[in-house]
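So you can see what is in the structure, the chains are spelled out below.
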Amino acid sequence: MSGDRPSPLVIERILRDRAGIWQQIVAEGDLNALTGRMLASSAVALACYGAVLGAFHSPLMALTSALKLPLLFLVTLAICLPTLYLFNLVFGARLSVRQSLALVMVAITVTSMLAVAFAPISLFFLITAPDYGFFKLLNVAILTLSALVGLRFLTGGMQVLNDHGLLAPEPARTQADVHAPAPVNVQAPAQAVPAAVSADPAAAPGGGQAAEPVAVPAGAAVAGSTSNGAATTPPVPAHVPAQWSGQPTAAVPPGTVPPGYGPGQRPWDRPPVRRGEPTQRPASMTLLYIWILLFGFVGTQLAWTLRPFFGDPGQDFSFFRSIDGNFYAEILRTIANL
């Protein structure tokens, strides 16, 4: 495959060109095709891994598990996606439904592909150590590890969207900066300064035409002169570093702008930056972690409802079982029985 030819596998593009995936989601460029490819890849991978799970019991159980495992992830997504989208809307994020769906599908695609990559290991233990309790715990650990890696991609994608400002309200992010007036020092009154100062010492105030005073706005830097003709500069606040105070220095090239300031903006027009202050995390990022916990609880409860996936060899085949107990109690009981 040539280097400039795109890979037909969407998982390869996600892993190799992660930044390109995030930029496509930010720009909402052809998200329908990308989401469709991720949906198809995830369904096939989960079906393959589900067949491995059900193969412990019988070929019929392998077929039903191949159908139920993709259904488990897709139904969990359908239940939890509206919550993620509304969370973002409530706290001012500007994510569309397609962007939210694409982000979650990236996590599900990584989870499913990583799970199917563990399928040969699961088959190895199925053949060499066909113990029901061990096989069940092994595959629960595989799915948990795969889900954690997939959710890591989800948080990384949300962080990229946060860096592009999509998790913050638009007025607070751009309008205030665009329409903000120029900073003015309200403490300094307007000054009247001569429009020109004669360089001829013999030119007395009464002997020549006096320079007409010009009003200078408050806060403007006014250059004057002392009685001996030396130029004076306005005072600089104490928090302004010496290299940005306007004084001549050999360490700073002429015309250099200090970090964080635009051209023509003086450092003392803004308050000093206090280092060490923690940056505030957007509410959407905090709610994302809450949503991940919700996604996990919904997924495990739905898995318990759709069981069996493995199939207890001591019981006959059944497409569903009665709902008694819960997923976590069953895992603890299996660990105790080992």
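What counts, and where the lines are drawn
- The residue numbering used here restarts from 1 in each chain and proceeds along that chain's sequence as written.
- Restriction of local features to residues with pLDDT of at least 70 applies here, the model being predicted, together with a cutoff of 80 or more for giving and counting side-chain atom pairs; totals for whole chains, interfaces and linings are based on all residues.
- Each side-chain value is derived from all of the structure's non-hydrogen atoms; neither hydrogens nor water enter the calculation.
- Helix and strand labels come from DSSP, where a helix needs a run of H or I of at least four residues and a strand needs a run of E of at least two; each type is numbered from the N terminus.
- Summary of the burial criterion: residues with accessible area below 20% of their type's maximum are buried, those above 50% are exposed, and those between are partly exposed, where the area comes from a 1.4 Å probe applied to protein chains only.
- We call two residues in contact when some of their heavy atoms are within 4.5 Å.
- All accessible areas in this document rest on Shrake-Rupley with a 1.4 Å probe, and a residue is counted as covered only by the protein chains that are shown.
- In this description, a line fitted to the C-alpha atoms serves as the axis of each element, helices being fitted only across the stretch in contact, and the angle between N-to-C directions of two axes falls anywhere from 0 to 180 degrees.
- Angles below 35 degrees are treated as roughly parallel, those above 145 as roughly antiparallel, those between 65 and 115 as roughly perpendicular, and all remaining angles as oblique.
- Each crossing gets its handedness from the near helix: less than a right angle anticlockwise from the far helix is left-handed, clockwise is right-handed.
- In this count, Pro and Cys sit with the nonpolar residues alongside Ala, Val, Leu, Ile, Met, Phe, Trp and Tyr, while Asp, Glu, Lys and Arg are called charged and the others, Gly among them, polar.
- Throughout this description, the term salt bridge denotes a Lys or Arg side-chain nitrogen within 4 Å of a carboxyl oxygen of Asp or Glu.
- Only rings of Phe, Tyr and Trp enter the pairing, Trp through its six-membered ring, and a pair is recorded when the two centres are within 6.5 Å. The plane angle decides the type: under 30 degrees is stacked, over 60 is edge-to-face, the rest tilted.
- Without a salt bridge and with relative accessible area above 30%, a residue can belong to a patch; like charges are then joined within 9 Å and nonpolar side chains (Val, Leu, Ile, Met, Phe, Trp, Tyr) within 5 Å.
- Buried Ala, Val, Leu, Ile, Met, Phe, Trp, Tyr and Cys residues that are joined via side-chain atoms within 4.5 Å together make up what is termed a nonpolar core.
- In this description, one arc is meant: the one made by directions from the helix axis to the C-beta atoms.

(A) Highlighting the overall build of the protein. From N to C terminus, the protein includes ten helices and four strands. The linear arrangement of helices and strands in the protein, starting from the amino end, is α-α-α-α-α-α-α-α-β-β-β-β-α-α. Evaluated residue by residue, the protein yields a buried proportion of 33% over its 338 residues. When contacts within the protein are restricted to residue pairs at least 6 apart in sequence, those whose partners lie at least 24 apart make up 70%. For the protein, the exposed surface amounts to about 20,000 Å²; the carbon and sulfur share of it is 64%.

(B) Molecular detail of the environment of A66. In this structure, A66 sits in helix α4 (residues 59-90). Residues A66 and A47 lie 19 residues apart in sequence; the distance between their C-alpha atoms is 4.1 Å. A66 has contacts with A47, G50 and A51, leaving out every residue within four places of it along the chain.

(C) Summary view of the packing of helix α3 (residues 31-54) against helix α7 (residues 132-163). Between α3 and α7, the least distance of the axes is 11 Å, while the angle of their chain directions is 165°. Considered as vectors, α3 and α7 are oriented roughly antiparallel to each other. Judged by the twist between their axes, the crossing of α3 over α7 is left-handed. Between α3, through Y49, V52 and L53, and α7, the contact on the second element is made entirely by F135, N139, I142 and L143. For the contact of α3 with α7, a count of residues per class yields six nonpolar, one polar and no charged.

(D) Quick peek at the pattern of salt bridges. Inspection of every chain in the model, using the stated rule, returns two salt bridges. Among the ionic pairs, R16 bridges to E12, the shortest N-O distance being 2.9 Å. Pair noted here: R16 and E12 are both in helix α1 (residues 10-16), with a separation of four residues, about one helical turn. You can call E12 partly exposed: its relative accessible area is 25%. E28 is paired through a salt bridge with R98; the nearest N and O atoms lie 3.5 Å apart. Linking E28 in the loop between α2 (18-27) and α3 with R98 in helix α5 (residues 97-117), this pair joins segments that are 70 residues apart in sequence.

(E) Inspection of the packing of aromatic side chains at higher detail. One pass over the structure, following the stated rule, counts eight aromatic pairs. Each ring, one from F297 and one from Y328, has its centre 6.2 Å from the other, and the planes form 65°; the classification is edge-to-face. Taken together, the positions of F297 in helix α9 (residues 283-306) and Y328 in helix α10 (residues 327-337) put the pair 31 residues apart, joining distant regions of the chain. Residue class for F297 comes out exposed when judged on its relative accessible area of 52%. Given the relative accessible area of 40%, Y328 is considered partly exposed.

(F) A look at a nonpolar patch on the surface. A contiguous nonpolar surface patch, about 570 Å² in accessible area, is contributed by L60, L63, L67, F317, F319 and F320. Of note, F320 is situated in the loop between α9 and α10. Here F320 falls in the partly exposed class, since its relative accessible area comes to 44%.

(G) Examining the nonpolar core more closely. Grouped together as the largest cluster of nonpolar side chains are 52 residues, with contacts concentrated most on L154 and W291. When contributions to this core are tallied by element, the ones reaching two or more residues are α1, α2, α3, α4, α5, α6 (119-128), α7 and α9. When sequence neighbours within four positions are dropped, the list of residues in contact with W291 reads C80, L81, T83, L84, V104 and L154.

(H) Inspection of α2 at higher detail. Taken together, the buried positions of α2 are occupied by I21, W22, Q24 and I25. Projected down its long axis, α2 carries its buried residues within an arc of 160°, all on one side. Summarising the geometry of α2, the exposed residues directed more than 90 degrees from the buried face are A19 and A27. Looking at the buried positions of α2, the neighbouring elements they touch are α1, α3, α5 and α7. Positioned one or two residues after α2, E28 has a phi angle of 55°, which is positive.

Geometric values such as these leave the question of function open.
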